[in-house]
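Per-entry structural report
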Amino acid sequence: APRHLFVEEALSSRAYDDDALPIGYSQTISQPFVIALMLQALRAGRELGRVLEIGTGCGYQAAVLAQIATEVYSIERIAPLLAKARANLRGLRLSNLRLKHGDGNLGLPEAAPFDSIIVAAAAPQVPKALLQQLAPGGRMILPLGTSEQVLRLVERRRSGYSETTLDAVRFVPMLM
Ligand code: SAH
């Protein structure tokens, strides 16, 4: 996905740096390396299938996901950011990507279950609704914590969930 389409003109010279950049409303576009890390963990040995993304932001990761997954739903809490994402994504014509305004802590029950869930804002705990909306065999990756954060990979088994802690990361906090 062409990352320069997702940041302000004034930052376009930094669009391909491996850094998070501001996108307005105190939010950031994720660092490409961290997106790669999360997608690698979600995808290892299987397909992404139907995906739920929490935290559309400017839409960059949603565009990446739509190119490698069957179907992508992405939820954003801040309406004007969602409008920005829609504008950024329009030209890319990703027909398998649906954007929704709402609280990602609640997931998207009407489109559940999901084979993969990826969260782009850090919560103190794994949101219960997201666990429930994970398909059997499905995987979720999310940053957990407040000042100190780690990536957590959650896999839904036939009975119960298995959890693995991955790298230390820095994400914006999940809004309640
Ligand atoms: N996926 C984006 C990352 C955006 S940063 C990218 O490609 O760069 C995280 C985003 O999560 C912010 O836009 C923020 O507004 C959003 N967010 C925070 N709390 C949320 C919530 N409870 N529900 C949905 N989105 C939320």
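For the structure, see preceding data.
An account of the accompanying structure is given in this report. (Residues numbered from 1 in each chain as written. Predicted model: local features only at pLDDT ≥ 70, side-chain atom pairs only at ≥ 80, totals over all residues. Heavy atoms only, no water.)

**Structural notes on the environment of Gly 49**
On the secondary structure map, Gly 49 appears in the loop between α1 (32–43) and β3 (50–54). Look at Gly 49 and you get buried, because its relative accessible area is 13%. Through-space distance from the C-alpha of Gly 49 to that of Ala 168 is 26 Å; in sequence the pair is 119 residues apart. What Gly 49 contacts, discounting residues up to four positions off in sequence, is Ala 69, Thr 70, Glu 71 and Asp 115. (Helix = DSSP H or I, 4+ residues; strand = E, 2+ residues; numbered from the N terminus. Buried < 20%, exposed > 50% of the residue type's maximum accessible area, 1.4 Å probe, protein only. Contact = heavy atoms within 4.5 Å.)

**Some points on the nonpolar core**
A general tendency of soluble globular proteins is for nonpolar side chains to be buried together. If you look at the biggest cluster of nonpolar residues, it comprises 40 residues, and the most contacted ones within it are Ile 29, Leu 89, Leu 97, Ile 118 and Ile 141. Contributions of two or more residues to this core are made by β1 (21–24), α1, α2 (60–68), α3 (79–90), β5 (97–101) and β8 (149–156). Counting residues in each nonpolar core, the second largest holds 21 residues, with Ile 54, Ala 121, Val 154 and Val 172 among its members. (Core = buried A, V, L, I, M, F, W, Y, C linked by side-chain atoms within 4.5 Å.)

**Structural notes on the pattern of salt bridges**
Per the stated rule, a full pass over the model turns up seven salt bridges. Taking the shortest distance from any N to any O, the salt bridge between Lys 84 and Glu 8 comes out at 2.9 Å. You can see Lys 84 sitting in helix α3 and its partner Glu 8 sitting in the segment before β1, a full 76 residues away along the chain. When its relative accessible area of 42% is taken as the criterion, Glu 8 is described as partly exposed. Where Arg 152 meets Glu 163, a salt bridge forms, and the shortest distance between an N and an O atom there is 2.9 Å. Of this pair, Arg 152 sits in strand β8 while Glu 163 is found in strand β9 (residues 161–169), placing the two residues eleven residues apart along the sequence. Residue Glu 163 is classed as partly exposed on the basis of its relative accessible area, which comes to 43%. What you see here is one network of salt bridges that share partners, running through Arg 50, Glu 71 and Arg 98. (Salt bridge = Lys/Arg side-chain N within 4 Å of Asp/Glu carboxyl O.)

**Regarding the sheet that holds β8**
Taken together, the seven strands give an open sheet; going across it, the order is β5-β4-β3-β6-β7-β8-β9, and neighbouring strands pair in mixed fashion. With partners counted over all chains shown, the strands left at the sheet margins are β5 and β9, one partner each. Taken over all neighbouring pairs, the strand axes of this sheet differ in orientation by 15° on average, direction set aside. Seen against the sheet, α1 touches β6 (114–119), β7 (134–145), β8 and β9 and runs at an angle of roughly 150° to β7. Contacts from α2 reach β3, β4 (71–76), β5 and β6 within the one sheet, and its direction differs from that of β3 by about 175°. (Pairing = 2+ DSSP bridges. Axes fitted to C-alpha atoms, helices over the stretch in contact; angles between N-to-C directions.)

**Details of α1**
The end-to-end C-alpha distance of α1 is 16 Å, a good match for the 16 Å that twelve residues give at a rise of 1.5 Å each. Of all the positions in α1, only Val 34, Ile 35, Leu 37, Met 38, Leu 39, Ala 41 and Leu 42 are classed as buried. Those residues of α1 that are buried lie in contact with α2, β6, β7, β8 and β9. Of the residues trailing α1, Gly 45 is marked for its positive phi of about 75°. (Expected span 1.5 Å × (residues − 1).)

**Digging into unusual backbone geometry**
The linkage connecting Ala 112 with the following residue, Pro 113, adopts the cis geometry, with an omega of 5°. Positive phi outside glycine occurs at Tyr 25, with the angle close to 55°. Its place among the elements puts Tyr 25 in the loop between β1 and β2 (27–29). Within the chain, Ser 26 stands out as a residue other than glycine whose phi angle is a positive 60°. Checked against the element boundaries, Ser 26 lands in the loop between β1 and β2. On the basis of relative accessible area, Ser 26 is assigned to the exposed category, the value being 69%.

**Remarks on the pairing of β1**
In this structure, β1 lies alongside β2, joined through three bridges in antiparallel fashion. Bridge pairing links Leu 21 to Ile 29 in β2.

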